[in-house]
Amino acid sequence: RLTLFLTTIFKTHLPILETQELATGLIQGLQYLAQISKVEDDEIFKICVEYWHDLADDLYHKEHHHMMQARPAIAAPFASAVPQIPSARLQTYSPILVQVRRILIDRMPKPEEVLVVEDENGCVVKEHLKDVEVVALHKMVRETLVFLTHLDHQQTEEIMIEKLGLQVHPSPGGPSWSRQGLSTLCWAIGSISGAMREDDEKKFLVHVIKDLLGLVEIVRGKDNKAVIASNIMYVVGQYPRFLRAHWKFLKTVVNKLFEFMHETHPGVQDMACETFLKICQRCKHQFVKHQPQEHSPFIEQLLVGPHQTVCDIGTTIQDLEAHQQNMFYEAVGYIVAAENDAERRDRIVMELFKLPNSRWQAKIERAMVEPSFLLEQETMREIAKILQINVRVASSLGTPYVTQLQQIYERMLQVYKMYSEQISAAVAGNALSAKTSAVRLMRAVKRETLRLIETTVDKSEDVQRIVTQVVPPLVDYVLEDYKSNHPETRDPEVLSVFAAIIRKAGDAITDQVPRILGAVFECTLAMITANMEDYPEHRINFYMLLKEINQKCFRAFFQIPGDVFKVVIDSIIWAIKHRERNIADAGLTILLEMLRNLDGLADIAQQFYAQFLLSLLHETFSVLTDKEHEPGFKLQCEILQHLVCRVEQGMPAAAIFNAAEHPGVTDNRQFVRAHLFKMLSDGFSERMTGTQLQDFVAALFDPSKDKTAFQTLMRDFLVSLREYNCDQWTQSSLSLQLEAQNKEASRKEEEAAKWQSVPGLMPVMQREEVYM
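Here the structure is a predicted model, which means the values were calculated and not measured.

Reading the values: rules and limits
Residues numbered from 1 in each chain as written. Predicted model: local features only at pLDDT ≥ 70, side-chain atom pairs only at ≥ 80, totals over all residues. Heavy atoms only, no water. Axes fitted to C-alpha atoms, helices over the stretch in contact; angles between N-to-C directions. Helix = DSSP H or I, 4+ residues; strand = E, 2+ residues; numbered from the N terminus. Parallel < 35°, antiparallel > 145°, perpendicular 65-115°, else oblique. Left-handed = near helix turned anticlockwise from the far one by under 90°. Contact = heavy atoms within 4.5 Å. Nonpolar A, V, L, I, M, F, W, Y, C, P; charged D, E, K, R; others polar. Buried < 20%, exposed > 50% of the residue type's maximum accessible area, 1.4 Å probe, protein only. Arc of directions from axis to C-beta. Phe/Tyr/Trp six-rings, centres within 6.5 Å; stacked < 30°, edge-to-face > 60°.

1. Considering the packing of helix H25 (residues 536-552) against helix H26 (residues 562-576)
Axis separation between H25 and H26 bottoms out at 12 Å; the angle between their running directions is 125 degrees. The pairing of H25 with H26 is recorded here as oblique in orientation. Once H25 is placed against H26, the crossing between them reads as left-handed. Taking contact as the criterion, the partners of Arg 539, Phe 542, Tyr 543 and Leu 546 in H25 are, on H26, Val 568, Ser 571, Ile 572, Trp 574 and Ala 575. Taken together, the residues that form the contact of H25 with H26 break down as seven nonpolar, one polar and one charged.

Here you go:
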């Protein structure tokens with residue numbers, strides 16, 4: 001309560017308290033709050049941090065303003081954000097800020113990148129679950145330290161160097177180094193990346209990294225070494241700008257990470273691989289340059305090896321687990337992608353895959369002599385691991401990966417087909433065999449195959465190569481296989497692969513779309529429409545495929561038989577009536593985009609509206625008046641408005657009514673109005689009068705209404721139907737959801753603007769990379 005009282009008083013009445021008469025009392029109160037910040041209570045510390053954050057933010061921006069007024073010529077490059085002559089206000093707060101810096105450094109919460117932690121028993125273990133509250137508190141303390149560093153970077157640096165000195169070189173009789181003390185200090189050092197001028201940052205980091213590397217050599221005990229290693233990795237991962245500018249340090253750091261990859265202590269290898277990945281993403285160009293005093297670029301030393309200062313890739317990854325090796329290969333993929341010489345890059349790609357390809361080739365050669373070898377479970381696991389490495393490299397390497405895919409593509413699809421036949425045979429005899437370990441492993445290989453193809457397609461910019469070299473064998477092997485498989489063993493990834501191909505290739509693949517739909521459409525639809533629960537992945541991927549065809553190859557819909565296209569429309573209508581919001585939204589989005597696409601195709605649009613207009617109007621009103629489908633209200637309104645606008649514009653031109661059955665009706669406009677009036681009267685005559693319904697139908701066709709006015713009309717109609725009363729509508733989940741979305745969007749915009757305005761405030765991995 002005292003903490004809340006003090007922080008509330010300071011926040012509310014700070015301008016009054018800063019007056020000359022009350023300034024002494026203000027400083028004394030802040031002294032109390034600084035002491036309270038040391039109390040070992042998480043809730044109290046959080047309240048204090050919130051206040052220190054607000055105070056530091058205010059001081060930084062007011063000081064910035066003061067500097068611009070006092071020294072306009074220097075204020076423009078406010079990168080260091082430290083005025084030469086601090087304002088009187090900042091000088092007043094300086095003694096308090098010294099204490100706050102020390103407290104925040106001592107109590108710095110753990111960042112989410114750190115995986116090695118000390119448990120309640122004092123054992124150093126790998127963290128498996130992230131503490132969301134700790135992550136949020138770290139973010140706030142980090143931002144506060146960034147502001148405080150801008151206000152006086154020299155003082156922040158001196159405090160950190162002093163504390164590091166006490167850890168590395170403890171004074172005689174004083175406290176020795178501690179895991180917690182070193183960890184909080186390193187987390188604080190990592191948090192202020194980008195908040196100093198580059199020259200100051202260089203001197204500071206050289207000191208820090210040398211001390212930490214020295215400490216890891218002299219400290220004994222695996223737990224202690226693991227903690228120091230995790231801190232080194234966190235610090236270096238936070239300063240890519242420094243590493244890019246200083247090759248020797250970068251190479252030293254990477255070689256130290258390679259050493260940590262052999263350390264079997266829980267969490268160390270994971271963190272070493274993650275840090276290596278982060279550094280490769282931010283410093284990739286340095287590894288392909290021919291650096292001074294190096295006989296060849298680092299990437300060649302790593303892949304060709306052995307070299308006196310760099311271990312070869314086989315030695316480096318020999319102690320890593322499969323998921324860690326995947327991460328390592330992904331990291332090297334980023335480096336290879338930075339090589340601009342295409343011929344040299346292709347050669348490096350082949351060197352990178354020398355080990356996985358030799359394992360792959362050995363298995364394929366043995367399988368050709370002994371086909372049953374592929375049915376051994378260990379073989380299946382090994383093949384899946386090789387494909388996983390390929391997936392990760394494809395994701396980071398991009399277009400150049402196709403060179404490697406060509407080496408394994410044909411055999412990979414043959415293995416896919418062979419496993420698929422084995423699965424079908426097993427399931428045909430007994431459907432329960434789909435759950436056996438052998439079938440699950442074969443499906444894992446198939447899944448990784450499809451994931452590899454999808455990743456390659458997504459990341460490649462060479463569309464022509466994808467269409468001519470990747471798609472034809474895929475269509476031959478995969479489509480018929482999918483169609484003939486038992487529903488329980490159909491892979492949903494097939495649908496997402498072809499969605500990715502259509503998204504990437506667009507019109508270039510239009511001629512293949514009828515064949516794709518012919519193979520996957522009806523059999524998948526039978527699976528997902530049996531009920532609304534089974535096969536959720538197939539359902540999502542099915543509508544993703546339809547969405548991509550609709551966006552990229554719209555004309556392909558009219559190359560399929562009319563009865564099949566009617567089933568397409570029926571499937572979209574089924575989707576908009578689905579209770580799962582993501583499926584309903586997908587259906588609404590596809591339908592709205594389809595109607596917009598038809599606007600540019602007059603002949604096809606005439607046929608479409610003649611066949612489907614009335615059913616679409618009926619189904620749209622059906623979901624609009626169903627409270628369960630309330631979240632789709634805006635899309636439903638857009639669809640309905642689009643339909644009635646086209647009717648008002650004379651679409652379709654041919655009559656959609658029988659003149660003998662509707663005497664007095666002269667055109668489709670009259671007929672649709674009468675049809676809607678009858679449909680609404682049949683459904684809602686007990687809730688609204690005939691006059692009210694006639695007025696509503698007339699208002700629907702008012703061409704002057706914009707999107708907002710049309711939504712208001714529909715909202716009022718629903719209120720009149722008592723589907724919602726006024727209070728329910730304003731408190732409805734839709735309104736709350738829209739309000740939450742707007743708040744979140746505003747918060748992200750404000751945060752992005754704040755990050756841009758204050759150097760160092762943006763998290764490292766979200767900063768734009770500067771190539772050097």
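2. As for helix H31 (residues 690-700)
For H31, every residue scored as buried is listed here: Leu 693, Phe 696, Val 697, Ala 699 and Leu 700. All buried residues of H31 fall inside an arc of 160 degrees around its axis, so they share one side. Every exposed residue of H31 that faces more than 90 degrees away from the buried side is listed here: Thr 691 and Asp 695. For H31, the elements touching its buried residues are helix H28 (602-624), helix H29 (633-648), helix H30 (668-684) and helix H32 (707-720).

3. Details of the packing of aromatic side chains
According to the stated counting rule, one finds 27 aromatic pairs in the structure shown. With a centroid separation of 6.5 Å and 85 degrees between ring planes, the pair formed by Phe 621 and Phe 717 is classed as edge-to-face. In this pair, Phe 621 is assigned in helix H28 and Phe 717 in helix H32, connecting sequence segments 96 residues apart. Relative accessible area serves as the criterion here: at 2%, Phe 717 is assigned to the buried category. With a centroid separation of 5.3 Å and an interplanar angle of 25 degrees, the aromatic rings of Phe 657 and Phe 671 are classed as stacked. Residue Phe 657 is found in the loop between H29 and H30, and its partner Phe 671 is found in helix H30; the two are separated by 14 residues along the sequence. Members of the aromatic cluster, joined through ring pairs, are Phe 554, Phe 557, Phe 558, Phe 565, Phe 608, Tyr 609 and Phe 612.

4. A closer look at the side chain of His 538
Tracing the backbone through its elements, the reader meets His 538 in helix H25. By relative accessible area, which is 6% here, His 538 ends up buried. Once residues within four sequence positions are removed from consideration, His 538 is found in contact with Tyr 482, Arg 490, Asp 491, Pro 492, Leu 495, Thr 524, Met 527 and Ile 528.

5. Here we look at the packing of H25 against helix H27 (residues 581-598)
With their axes 10 Å apart at the nearest point, H25 and H27 run at an angle of 15 degrees to one another. In terms of orientation, H25 and H27 fall into the roughly parallel class. Classified by chirality, the crossing of H27 by H25 is left-handed. Touching Arg 539, Ile 540, Tyr 543, Leu 546, Lys 547, Asn 550 and Gln 551 of H25 are Asn 582, Ile 583, Ala 586, Thr 589, Ile 590, Glu 593, Met 594 and Asn 597, all from H27. In the contact of H25 with H27, the residues fall into seven nonpolar, five polar and three charged.

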